[in-house]
Amino acid sequence: MSLYLLKLSIHATPGAKRTEAAGDYAGALRVRLGAPPVDGKANAALLEWATQAFGVSKAESS
């Protein structure tokens, strides 16, 4: 099993129409989240997006 580490600065903006990468924001990857910043919904949306975008399972992302 190979282990890789990716450390990435992300500027997340909750409450967008859809979840998507949106370019650069002050040296960080800007990600718009289609979830509100309530009850951990935005954090869950960010993890879901990241696991799909980088091709890892949720277990590997923690």
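Above: the structure in question.
Scoring rules and cut-offs
Residues numbered from 1 in each chain as written. Predicted model: local features only at pLDDT ≥ 70, side-chain atom pairs only at ≥ 80, totals over all residues. Heavy atoms only, no water. Phe/Tyr/Trp six-rings, centres within 6.5 Å; stacked < 30°, edge-to-face > 60°. Buried < 20%, exposed > 50% of the residue type's maximum accessible area, 1.4 Å probe, protein only. Core = buried A, V, L, I, M, F, W, Y, C linked by side-chain atoms within 4.5 Å. Helix = DSSP H or I, 4+ residues; strand = E, 2+ residues; numbered from the N terminus. Contact = heavy atoms within 4.5 Å. Patch = residues over 30% accessible without salt bridge, like charges linked within 9 Å, V, L, I, M, F, W, Y side chains within 5 Å. Areas by Shrake-Rupley, 256 points an atom, 1.4 Å probe, with all protein chains shown as cover. Salt bridge = Lys/Arg side-chain N within 4 Å of Asp/Glu carboxyl O.

Trainee: Would you take a moment to explain the packing of aromatic side chains for this structure?
Mentor: Think of a pair of aromatic rings as described by two things: how far the centres are apart, and how the planes are tilted against each other in angle. Throughout the structure, instances matching the rule amount to one aromatic pair. Taking the centre distance of 5.9 Å and the plane angle of 80 degrees together, the rings of W49 and F54 count as edge-to-face. Taking relative accessible area as the criterion, W49 reaches 15% and is therefore assigned buried. Overall, the relative accessible area of 40% leaves F54 in the partly exposed class.

Trainee: Looking at this structure, I do not really get the nonpolar core. What am I missing?
Mentor: One finds V31, L33, A35, A42, A45, W49 and A50 forming the largest nonpolar core, which totals seven residues. For this core, the leading source of residues is helix 1 (residues 41-54), giving four residues. Among residues more than four places away in sequence, those in contact with L33 are A12, T13, P14, G15, A16, R18, T19, A42, A45 and L46.

Trainee: Just to check I follow, could you spell out a nonpolar patch on the surface for this structure?
Mentor: A cluster of nonpolar side chains, contributed by L6, L8, I10, F54 and V56, occupies part of the molecular surface with about 410 Å² of accessible area. Positionally, L8 belongs in the segment before strand 1 (10-13). On the accessibility criterion, L8 (38% relative accessible area) is partly exposed.

Function-wise, these values are silent; they only describe arrangement.
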